[in-house]
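Below are the chains, spelled out letter by letter.
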Amino acid sequence: MRIHFIIHEDFETPGAYKTWAKKHRHTITYSRVYLGEPLPQDIEGIDFLIVMGGPQDPATTSEQCSYFDTKGEQAVITKAINAGKVVLGICLGAQLIGEALGANYEHSPEREVGKFSITLTKDGITHPLFDHFGTVLEVGHWHNDMPGLIPGAEIIAYSKGCPRQIVAYSDLVFGFQCHMELTKEVVALLIENTDLSKAEDFRFVENPEVLLSHDYDEMNEKLHGFLDKLERLYKSLK
C-alpha cells in the first residue's frame, strides 16, 4: 500500500496515522508544503491520500500563507476521489475535502482543544468501519472550524462543542475534524505553536499541563482498527 501525506506544518504531524503505515510496512511519501515540496501529480501511484491539519483554513490565500495552495490541494483531492482512492482529511484536511466536493467549511460553535468525548450517531454505530468505536469515545481535538456537508454525507460522530466530528462523504472518503492521531509527542509540538494563554475563557480548551497528562493510546488503537478495516475494503474494491 502507498500512503501519501499532505502536511502543512512541521508541528501538525501524522502521529498515529504514520505509526499505522509503518507498522504495516506501507510505502510512505509526503508533500510537506511548508518545505516547498510539491503536491502529488501521479494519483495512480497513491492508495491512501491523507491530508493533515494546520492553522490555515480553506479560505487562506497565498498572500496570507505563501506555501498553502487551497485550490491546488482541492484539485488533488478531487482527482484522488475520482480515481477511487482512499481520501482522509484531518481538521483542515476534512474541510478541504468538503470544499473540493462543493460544501463550504463553517466555524464550529465552540473552539475545542483537548481530549473530550465524541458520540456516535445511529449511522456511526451501525457503520462497519466504526462499529468498534462504541457509542462514546474520548478523542483529541484542536480546532475552531468544521467541514461542510454535501447531500448524502453521513455524520458519524459529534461532540458537545462541534456537530461534525467525523463525516463519511462516501465509502472511501472521510473527514475527521477530531484528531485521533495525537500522541503526547505530537501534543507537545502543538502546544509550542498554539496560544493557550486564555484557555480558561473557553469551555472546551484545556491548559498545557492537562493536555500532556492524557493517555492517547486507546483512541490511537481505535483509529488503527478503522484504518485496518478501510484498507481491507479498499483492496476488495480493486
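For the structure itself, look to the data block above.
Note that the structure is a prediction, hence the values are computed from the model and not measured.

Draft legend 1. Spotlight on the state of the cysteines. Considering all chains together, one arrives at zero disulfides under this definition. Between Cys-65, a free cysteine, and Cys-91, which holds the nearest cysteine sulfur, the sulfur-to-sulfur gap is 15 Å. Not part of a disulfide, Cys-91 finds its nearest cysteine sulfur in Cys-162, a span of 9.3 Å.

Draft legend 2. Helix α2 (residues 70–82), seen in detail. Taking 1.5 Å of rise per residue, the 13 residues of α2 would be expected to cover 18 Å, and the 18 Å separating its terminal C-alpha atoms lies within 8% of that figure. If you check which residues of α2 are buried, you get Thr-70, Gly-72, Glu-73, Gln-74, Val-76, Ile-77 and Ala-80. Buried residues belonging to α2 abut β1 (2–7), β3 (48–51), β4 (86–90) and α3 (92–100). Looking one or two residues past α2, Gly-84 carries a phi angle of roughly 75 degrees, positive in sign.

Draft legend 3. Region of interest: the packing of helix α1 (residues 16–23) against helix α7 (residues 217–237). Remark: α1 packs on α7, axes separated minimally by 10 Å, with the N-to-C direction vectors making an angle of 55 degrees. By the angle class used here, α1 and α7 are oblique. Judged by the twist between their axes, the crossing of α1 over α7 is right-handed. Taking contact as the criterion, the partners of Ala-16, Tyr-17, Thr-19 and Trp-20 in α1 are, on α7, Asn-220, Leu-223, His-224, Leu-227, Asp-228 and Glu-231.

Reading the values: the criteria
- Residues numbered from 1 in each chain as written.
- Predicted model: local features only at pLDDT ≥ 70, side-chain atom pairs only at ≥ 80, totals over all residues.
- Heavy atoms only, no water.
- Disulfide = S-S within 2.5 Å.
- Helix = DSSP H or I, 4+ residues; strand = E, 2+ residues; numbered from the N terminus.
- Expected span 1.5 Å × (residues − 1).
- Buried < 20%, exposed > 50% of the residue type's maximum accessible area, 1.4 Å probe, protein only.
- Contact = heavy atoms within 4.5 Å.
- Axes fitted to C-alpha atoms, helices over the stretch in contact; angles between N-to-C directions.
- Parallel < 35°, antiparallel > 145°, perpendicular 65-115°, else oblique.
- Left-handed = near helix turned anticlockwise from the far one by under 90°.

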